[in-house]
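Observations on the three-dimensional arrangement
Spelled out, the chains give:
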Amino acid sequence: MFLAFGSVVLPLKSILLNLLSLSASFGAIKLIFQDGYLDGLLNFVPVGAVDINFPVLIVAIAFGLAMDYEVFLLSRVREEWVRSGDPVESVALGVQRTAKIITSAALLLVIVVGGFILSNVTLMKMIGVGLVIAIVVDATIVRGLLVPASMRLLGRWAWWAPKPLAAWWDRYGMKEGEETAPRSPSYPIL
């Protein structure tokens, strides 16, 4: 994300917010599959433990999907930020322009991955439930509420990088077109 946006704040924010989706997913998996809630509805026998492979698989898939949504959203926000220099307007327009696409993609993935819940294999049910919860939480709460709110609170600081990294990004970063992002010389060197 640093290579795409030139900020050290955005990757950290993204990781923290993506952990919320994963935490919700793992909590639900623990309640459903380890403690046995919804065992009748989902037609499985709880064994009192979660397979060791499950968290790694869910993290890999859900984190990858969440980062795709994040990069897509932040690309539109960045376009507006470069155009206007207004952090509030750029977040509002970026969210407005990506909301339908992110929601549609999340709905499609929920339908496809939700099919795993119909499996007779408990691990497949866990993957289905875990991914559905992670996708729904990420597309609604994280992308719809927390990302815009955190970007609003961060304001110009969302695009901050230490001067040496900012200079490196200006030279080697993956910019879209000939952009010159508004940078304030008043940001301290850390």
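The structure reproduced in this document is the subject of the present report. All of these numbers come straight from a predicted model, not from anything done at the bench.

Cut-off values and rules
- Residues numbered from 1 in each chain as written.
- Predicted model: local features only at pLDDT ≥ 70, side-chain atom pairs only at ≥ 80, totals over all residues.
- Heavy atoms only, no water.
- Helix = DSSP H or I, 4+ residues; strand = E, 2+ residues; numbered from the N terminus.
- Buried < 20%, exposed > 50% of the residue type's maximum accessible area, 1.4 Å probe, protein only.
- Salt bridge = Lys/Arg side-chain N within 4 Å of Asp/Glu carboxyl O.
- Contact = heavy atoms within 4.5 Å.
- Patch = residues over 30% accessible without salt bridge, like charges linked within 9 Å, V, L, I, M, F, W, Y side chains within 5 Å.
- Areas by Shrake-Rupley, 256 points an atom, 1.4 Å probe, with all protein chains shown as cover.
- Phe/Tyr/Trp six-rings, centres within 6.5 Å; stacked < 30°, edge-to-face > 60°.
- Lys NZ or Arg CZ within 6 Å of the ring centre and 35° of its normal.
- Bend = angle between axes of the 7 residues up to and from the residue.
- Polar contact = N/O pair within 3.5 Å; in protein donor to acceptor, adjacent residues only side chain to side chain.

1. A word on the overall build of the protein
Helix and strand counts for the protein stand at 7 helices and 0 strands. Shown N-terminal to C-terminal, the secondary structure of the protein runs as helices and strands in the order α-α-α-α-α-α-α. Taken along its principal axes, the extent of the C-alpha atoms in the protein is 60 × 30 × 25 Å. Relative to its full complement of 190 residues, the protein shows a buried share of 42%.

2. A look at the pattern of salt bridges
Scanning the model with the defined rule gives 8 salt bridges in all. Between K13 and E70 there is a salt bridge, and its shortest N-O distance comes to 2.6 Å. In this pair, K13 sits in helix α2 (residues 9-34) while E70 sits in helix α4 (residues 53-84), placing the two residues 57 residues apart along the sequence. The same class applies to K13 as to E70, namely buried. One salt bridge connects R143 with E70, and the closest N-O pair in it is separated by 2.2 Å. Taken together, the residues R143 in helix α6 (residues 122-154) and E70 in helix α4 connect sequence positions 73 residues apart. With a relative accessible area of 0%, E70 lands in the buried category.

3. Digging into the environment of A24
Here A24 lies in helix α2. Separated by 21 residues in sequence, A24 and L3 have C-alpha atoms that sit 29 Å apart. Among all residues touching A24, those that are not within four sequence positions of it are I133 and V137.

4. Some thoughts on a nonpolar patch on the surface
A cluster of nonpolar side chains, namely L3, W168, Y172 and M174, defines an oily patch on the protein surface of about 430 Å² accessible area. As for its placement among the helices and strands, M174 is situated in the segment after α7 (163-172). By relative accessible area, which is 52% here, M174 ends up exposed.

5. Description of the packing of aromatic side chains
Counted under the stated rule, the structure contains 7 aromatic pairs. Summarising the aromatic geometry, the rings of F5 and W159 are spaced 6.4 Å apart at their centres and angled 70 degrees between planes, so their arrangement reads as edge-to-face. Note that F5 is positioned in helix α1 (residues 2-5) and W159 in the loop between α6 and α7, a separation of 154 residues in sequence. Taken individually, F5 and W159 each receive the classification buried, so the pair is uniform in this respect. Among the aromatic residues, those joined into a ring-pair cluster are F2, W168 and Y172. One Lys or Arg, K175, reaches over the ring of W169 and ends 5.0 Å from the middle of that ring.

6. Section: helix α5 (residues 87-114)
T98 marks the point of greatest bend in α5, at about 45 degrees. Of the residues making up α5, those classed as buried are P87, S90, V91, L93, G94, T98, I102, A106, V110, V113 and G114. Looking at the buried residues of α5, the elements they touch are α4 and α6. For α5, the capping residue at the N-terminal end is D86, with a side-chain oxygen 3.1 Å from the backbone nitrogen of V88.

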